Amino acid sequence: MRCLVAIVDEGSFTDAALALGVSQAAVSRTLASLERALGVRLLRRTSREVTPTATGLRVVAHARRVLGEVADLVREATSGHTRVRIGYAWSALGRHTLAFQRRWGGTHPETDLQLVRVNSGTAGLAEGACDLAVVRRPLDDRRFDSAIVGLERRLCAMADDDPLARRRSVRLSDISGRTLLIDRRTGTTTTTELWPPDSRPSTEDTHDVDDWLTVISTGRRVGMTAESTANQYPRTGIVYRPVRDAEPIAVRLAWWRDDPHPATQTVIELLTALYRTG
């Protein structure tokens, strides 16, 4: 593909050979091999010029895209430290999200920060979508390591006309007779083990934060979540109330144990400072 693109860009086999640093014969053999593999003619060759066929034009366009992706792959493998991708499932860092982005940009402009939302139990870490992940439960997978960077209160989400909405806070016992919406796929922060075995609420599954909010707003269900959700997803018709007798949620930063990103410790320190001062 490099050979084909070089011939088209340079206009001749001779100039393509010079650009690629190989012999003209090698260019001819490579192009012939590609045409045999595809079973089509890609170039028209005369004594005066070389031009792509109609099929050749389409193949060249695809080849440029593939070569661009290969170049991105090489840059990622050899200098990927110029970027750090942080995955999250629902609510990133809540009210600290913007402060984190701005402080990172101000103190580490050489490393591009990208926040990536991935609805999975590892927030994209296992899927290769990110380098680090913000999670709110321990990861049992031994491939990953993690550190606690902060704590968040547990909140109960309910419709704004729910009887509990008139209170400043609620207790676990106030929710035990209700039905909790739970997103098991993303590693929910809600667990019925917060309640005694004989007074645990019933549960119903949901698959996305938007669906979770939509159902709760009807008043038919309630939800338990980290306070970061309230900051990231204020919604008309829904209120959040602290659950004052529920233990706080540990916010963790997770990474691949055998291949930590060089910025891992720096991210941990910045996030810990934000949660501590916040």
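Residues numbered from 1 in each chain as written. Predicted model: local features only at pLDDT ≥ 70, side-chain atom pairs only at ≥ 80, totals over all residues. Heavy atoms only, no water.

What follows deals with the overall build of the protein chain. Of the regular secondary structure elements, the protein chain holds nine helices and twelve strands. Relative to the globule expectation of 19 Å for 278 residues, the C-alpha radius of gyration of the protein chain, 27 Å, shows a markedly less compact shape. Taking the principal axes of the C-alpha coordinates as reference, the protein chain spans close to 90 × 40 × 35 Å. Within the protein chain, the fraction of its 278 residues that count as buried is 45%. Contacts spanning at least 24 positions in sequence make up 70% of the contacts within the protein chain whose residues lie at least 6 apart. Here the protein chain displays about 14900 Å² of accessible surface, and carbon together with sulfur accounts for 48% of that area. A distance of 2 Å separates the average location of the 39 positive side-chain charges in the protein chain from that of its 34 negative side-chain charges. (Helix = DSSP H or I, 4+ residues; strand = E, 2+ residues; numbered from the N terminus. Rg over C-alpha atoms; globule rule 2.2 N^0.38 Å. Buried < 20%, exposed > 50% of the residue type's maximum accessible area, 1.4 Å probe, protein only. Contact = heavy atoms within 4.5 Å. Areas by Shrake-Rupley, 256 points an atom, 1.4 Å probe, with all protein chains shown as cover. Lys, Arg positive; Asp, Glu negative; His and termini not counted. Charge placed at Lys NZ, Arg CZ, Asp CG, Glu CD.)

All told, the structure shown has 14 salt bridges when counted by the stated rule. Asp141 is the partner of Arg143 in a salt bridge, and the nearest nitrogen-oxygen pair spans 2.7 Å. In this structure, Arg154 engages Glu247 in a salt bridge whose closest nitrogen and oxygen atoms are separated by 4.0 Å. One end of the pair, Arg154, is in strand 7 (residues 154-159); the other, Glu247, is in the loop between strand 11 (238-242) and strand 12 (249-256), and 93 residues separate them in sequence. By relative accessible area, Arg154 is classed as buried at 8%. (Salt bridge = Lys/Arg side-chain N within 4 Å of Asp/Glu carboxyl O.)

All right, on to the nonpolar core then. With 21 residues, the main nonpolar core has Ile86, Phe100, Trp104, Leu253, Val267 and Leu271 as its most contacted residues. Elements with a minimum of two residues in this core: strand 3 (83-88), helix 5 (97-107), strand 5 (132-135), strand 12 and helix 9 (264-277). Excluding anything up to four places from it in sequence, Trp104 contacts Val84, Pro109, Thr111, Leu113, Ala263, Thr266, Val267 and Leu270. Membership of the second largest hydrophobic core comes to 16 residues, among which are Ala165, Leu172, Leu180 and Ile182. (Core = buried A, V, L, I, M, F, W, Y, C linked by side-chain atoms within 4.5 Å.)

Chain-level statistics for the protein chain give a pLDDT mean of 91 and a share of 97% at 70 or above. Here helix 4 (residues 54-79) stands out as the least confident element of the protein chain, with mean pLDDT 84; strand 11 is the most confident, with 97. (pLDDT = per-residue confidence, 0-100.)

Read from one edge of the open sheet, five strands run 4-3-5-12-6, paired in mixed fashion. Each end of this open sheet is capped by a strand with a single partner; those strands are strand 4 (112-117) and strand 6 (144-152). Along the sheet, successive strands turn relative to each other by an average axial angle of 25°, direction set aside. Packing against the sheet, helix 9 makes contact with strand 3, strand 5, strand 6 and strand 12, and its axis sits at approximately 15° to strand 6. (Pairing = 2+ DSSP bridges. Axes fitted to C-alpha atoms, helices over the stretch in contact; angles between N-to-C directions.)

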